[in-house]
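# Notes for the structure review
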Amino acid sequence: MTSHTPSALELERRAFRARQSQRSVLVAIASTLAFALIVWITVIATPGWSAVQQAFFNPQIALDSLPRIWEGFLINLQVLALSLVTVSIVALLVAVLRTLPGPVFLPLRVLAAAYTDIFRGLPFIIVLYIVGFGIPTLTNTRVPLILLGTLAVTLTYSAYVSEVIRAGIEAVHPSQRLAARALGLGYAQTLRRVVLPQALRKITPPLMNDFVAMQKDVGLISILGIMDAVLAAKIEASQTYNFTPYVVAGILFVLLAIPTIRLTDWYTARLRSREQTGAIL
C-alpha cells in the first residue's frame, strides 16, 4: 500500500500557514512588550507611583483586613444567592404577563409594562433608599437587612431580566406556537414545553451578563448598614487611613465575576458555532 505524498502546492500551503503562525506569535510578543513598556513609563516609573502603591496596594494592610472583608463578602454572597432565585421567579412572571394575548389581559400587560419602565428608570441606589428606609417606617417593624437588600435587588433586576425573557419569547417563530396548538396543546402547555425552552437557550448570554451586573451591585447594600464587604472595607480604611481594603473588596468581587464572564464567552461562542454549522438551537 503506497503512502500518500502531499503535492508541491499542499506543501507550499503548509509552509505559508507555518510562517503566518510564527509571524502572529512574534507580533503578539512584540505588542505585549510594547504595552508593558508603556505601562512602565506612564505608571510605574512616575514619581507618585510609590505613594499610590503605599495607599492602595499595601500588602500588610491587605492581609490584616482580609478576614473582616471576607466575612462581609459572605453576606454579599447570601444576598446574591437569594436574589438569583427571586429575580428568576419575578422576572419570568412579569415577562409572561407582558406577552399574554387578548384584550382581557390588557390591565395585566399595562401593569407589567409600568413596572419595567419604573424600575429600569430608577437608579438602584434610590431603590435601596426607598426599600431600606421606607418599608421599616411603613410597617413600623424591624425587617432583617438581608431581606431588604434582596428585595431591592429583586425589584430592580427583575425589570431588566423580564425584558430579556420577553424578547426571547417573542423571538420564537409563530409557527412553533401554531404547530403546538395544532397538536392540541393549550396556551400554558405551549409556553412551558415549546416556547420557553427555545427562548431560554437564545437569551442565556444576556441573562448571564445581567447576573454579572447583579454580582457587582450587591456591593451597594452597604448603604442599608449591612456589614458586607464594602462597609467592612470602609471601616478598615478609616482605621488605617489607607485605601487598600477597598482594593481587597474589589478583588473579591472581580474573582466572583470572572468565572461567569468566561462561561458567558464560552457559551456565546458555542451558540455561534452551532448556528454557523446549521445546528438546531
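What you see is a predicted model, and the numbers here were worked out from it, not measured in a lab. (Residues numbered from 1 in each chain as written. Predicted model: local features only at pLDDT ≥ 70, side-chain atom pairs only at ≥ 80, totals over all residues. Heavy atoms only, no water.)

## Structural notes on the overall build of the chain
Scanning the chain for helices and strands turns up 10 helices and 0 strands. Reading the chain from its N end, one meets helices and strands in the order α-α-α-α-α-α-α-α-α-α. Since a compact globule built from 281 residues should have a radius of gyration of about 19 Å, the 26 Å found for the chain marks it as more spread out than a globular shape. In terms of overall dimensions, the chain has a C-alpha envelope of 80 × 70 × 35 Å along the principal axes. A buried classification covers 31% of the 281 residues belonging to the chain. Of the contacts made within the chain by residues no fewer than 6 positions apart, 75% connect residues no fewer than 24 positions apart. Roughly 17,300 Å² of accessible area belongs to the chain as shown, and the carbon and sulfur atoms make up 69% of that amount. For the chain, the separation between the mean place of its 23 positive charges and that of its 13 negative charges on side chains is 11 Å. (Helix = DSSP H or I, 4+ residues; strand = E, 2+ residues; numbered from the N terminus. Rg over C-alpha atoms; globule rule 2.2 N^0.38 Å. Buried < 20%, exposed > 50% of the residue type's maximum accessible area, 1.4 Å probe, protein only. Contact = heavy atoms within 4.5 Å. Areas by Shrake-Rupley, 256 points an atom, 1.4 Å probe, with all protein chains shown as cover. Lys, Arg positive; Asp, Glu negative; His and termini not counted. Charge placed at Lys NZ, Arg CZ, Asp CG, Glu CD.)

## Let's talk about the packing of helix H3 (residues 59–98) against helix H8 (residues 187–217)
Any two packed helices are characterised by the angle at which their axes cross and by the distance between the axes. Here H3 crosses H8 at 135°, and the two axes come no closer than 12 Å. By the angle between their axes, H3 is oblique relative to H8. Crossing angle aside, the handedness with which H3 passes H8 is right-handed. Residue-level inspection shows Leu 80, Ser 83, Leu 84, Val 87, Leu 92 and Val 96 of H3 in contact with H8, the latter providing Leu 191, Leu 196, Phe 211, Met 214 and Gln 215. Grouping the constituent residues of the contact of H3 with H8 by class yields 9 nonpolar, 2 polar and no charged. (Axes fitted to C-alpha atoms, helices over the stretch in contact; angles between N-to-C directions. Parallel < 35°, antiparallel > 145°, perpendicular 65-115°, else oblique. Left-handed = near helix turned anticlockwise from the far one by under 90°. Nonpolar A, V, L, I, M, F, W, Y, C, P; charged D, E, K, R; others polar.)

## Quick look at the packing of aromatic side chains
Inspection of the entire model under this criterion finds 11 aromatic pairs. Taking the centre distance of 6.2 Å and the plane angle of 35° together, the rings of Trp 49 and Phe 57 count as tilted. Their ring planes at 50° and their centres at 6.5 Å tell us that Phe 56 and Phe 57 sit as a pair that is tilted. Looking at Phe 56, the relative accessible area reads 34%, which means it is partly exposed. (Phe/Tyr/Trp six-rings, centres within 6.5 Å; stacked < 30°, edge-to-face > 60°.)

## A few points about the pattern of salt bridges
Enumeration over the complete set of coordinates arrives at 9 salt bridges. Between Glu 163 and Arg 120 there is a salt bridge, with the nearest N and O atoms lying 3.8 Å from each other. Taken together, the residues Glu 163 in helix H6 (residues 145–171) and Arg 120 in helix H4 (residues 106–121) connect sequence positions 43 residues apart. A salt bridge links Arg 166 to Glu 163, with the shortest nitrogen-to-oxygen separation between them at 2.9 Å. Here Arg 166 pairs with Glu 163, and both are found in helix H6, just 3 residues apart, close to one helical turn. Of the residues examined, Glu 163 reaches a relative accessible area of 13% and is grouped as buried. Each of the salt bridges in this network shares a partner with another, and the network as a whole consists of Arg 98, Asp 117, Arg 120, Glu 163, Arg 166 and Glu 170. (Salt bridge = Lys/Arg side-chain N within 4 Å of Asp/Glu carboxyl O.)

## Description of a nonpolar patch on the surface
A grouping of Leu 37, Trp 40, Ile 41, Val 43 and Ile 44 is seen on the molecular surface, where their side chains present a nonpolar patch of about 470 Å² in accessible area. Within the secondary structure, Ile 44 is located in helix H1 (residues 8–44). (Patch = residues over 30% accessible without salt bridge, like charges linked within 9 Å, V, L, I, M, F, W, Y side chains within 5 Å.)

## Regarding the nonpolar core
Membership of the largest hydrophobic core comes to 45 residues, with the highest contact counts inside it found for Ile 69 and Ile 165. Among the secondary structure elements, those contributing two or more residues to this core are H3, H4, helix H5 (124–139), H6, H8, helix H9 (229–240) and helix H10 (244–276). Counting residues per element, this core draws most heavily on H3, which supplies 10 residues. Apart from residues lying up to four places away in sequence, Ile 165 is in contact with Ala 91, Leu 92, Ala 95, Ile 203 and Leu 207. (Core = buried A, V, L, I, M, F, W, Y, C linked by side-chain atoms within 4.5 Å.)

## Observations regarding the environment of Val 96
By secondary structure assignment, the location of Val 96 is in helix H3. As a C-alpha pair, Val 96 and Ser 162 span 66 residues in sequence and 8.5 Å in three-dimensional space.

## Considerations on H3
At Leu 66, H3 shows its largest bend, some 45°, and a proline, Pro 67, comes one to four positions later. The residue sitting at the N-terminus of H3 and contributing the capping side-chain oxygen is Asn 58; that oxygen lies 3.1 Å from the backbone nitrogen of Gln 60. (Bend = angle between axes of the 7 residues up to and from the residue. Polar contact = N/O pair within 3.5 Å; in protein donor to acceptor, adjacent residues only side chain to side chain.)

## Here we look at unusual backbone geometry
One non-glycine residue with positive phi stands out, namely Tyr 241, at about 55°. Here Tyr 241 shows up in the loop between H9 and H10. By relative accessible area, Tyr 241 is classed as exposed at 76%.

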